[in-house]
Amino acid sequence: MVEIGSEGSAADSRVLRNAITRSNGFRIPQGFLTPYHGIRYHLQEGGSGTSAPQNKKEYFNMKHSKARNCIERSFGILKKRWAFL
C-alpha cells in the first residue's frame with residue numbers, strides 16, 4: 001500500500017490506520033487476513049513449552065508472522081536494490 005505524504009520510515013500499521021480512518025479512506029477488501037488480536041504472535045513452530053503455539057489461533061498468528069517477515073525482507077531487498085522505492 002502506498003500513502004502519499006507518509007515518510008518512508010512510517011510503520012505499516014500507522015500507514016494502514018491513517019488510510020482507514022480518512023473520510024474517503026481505504027476500504028478493507030474481503031479476504032484481508034489480520035492476526036488475532038490479543039493472541040500471542042511471535043512463536044516458534046518447533047519450540048518447546050510455552051514458545052510453541054498452544055491452539056489454532058496462536059498457530060495462525062505464528063504463520064502470519066512468518067509470512068509478514070518474509071514480505072518485509074523482500075521489500076528490504078528491493079529497497080536496497082532500487083533506492084527510490
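Here the structure is shown first, and the text comes after it.
All values derive from a computational prediction rather than experimental measurement. (Residues numbered from 1 in each chain as written. Predicted model: local features only at pLDDT ≥ 70, side-chain atom pairs only at ≥ 80, totals over all residues. Heavy atoms only, no water.)

### A closer look at a nonpolar patch on the surface
Residues I71, F75, L78 and W82 make up a contiguous nonpolar surface patch of about 390 Å² in total accessible area. Here L78 shows up in helix α2 (residues 56–81). With relative accessibility at 35%, the residue L78 sits in the partly exposed group. (Patch = residues over 30% accessible without salt bridge, like charges linked within 9 Å, V, L, I, M, F, W, Y side chains within 5 Å. Areas by Shrake-Rupley, 256 points an atom, 1.4 Å probe, with all protein chains shown as cover. Salt bridge = Lys/Arg side-chain N within 4 Å of Asp/Glu carboxyl O. Helix = DSSP H or I, 4+ residues; strand = E, 2+ residues; numbered from the N terminus. Buried < 20%, exposed > 50% of the residue type's maximum accessible area, 1.4 Å probe, protein only.)

### Considering the packing of aromatic side chains
Counted by the stated rule, this structure contains one aromatic pair. Look at Y36 and F60: their rings are 5.6 Å apart centre to centre, the planes differ by 75 degrees, and that puts the pair in the edge-to-face class. With a gap of 24 residues between them, Y36 in the loop between α1 (12–21) and α2 and F60 in helix α2 connect regions that are remote in the sequence. (Phe/Tyr/Trp six-rings, centres within 6.5 Å; stacked < 30°, edge-to-face > 60°.)

### So, the side chain of H64
For H64, the position within the fold is in helix α2. Sequence-distant contacts of H64, defined by excluding residues within four places in its chain, comprise L33, T34, P35 and Y41. (Contact = heavy atoms within 4.5 Å.)

### Looking at the pattern of salt bridges
Enumeration over the complete set of coordinates arrives at two salt bridges. Residue E58 pairs with R40 through a salt bridge whose shortest N-O separation is 2.9 Å. Here R40 lies in the loop between α1 and α2 and E58 lies in helix α2, a separation of 18 residues in the sequence. What makes E58 buried here is its relative accessible area of 9%.

### Here we look at the environment of Q44
Positionally, Q44 belongs in the loop between α1 and α2. Note: C-alpha distance between Q44 and Y59 (15 residues apart in sequence) is 9.4 Å. If sequence neighbours within four positions are ignored, Q44 has contacts with S51, A52, P53 and M62.

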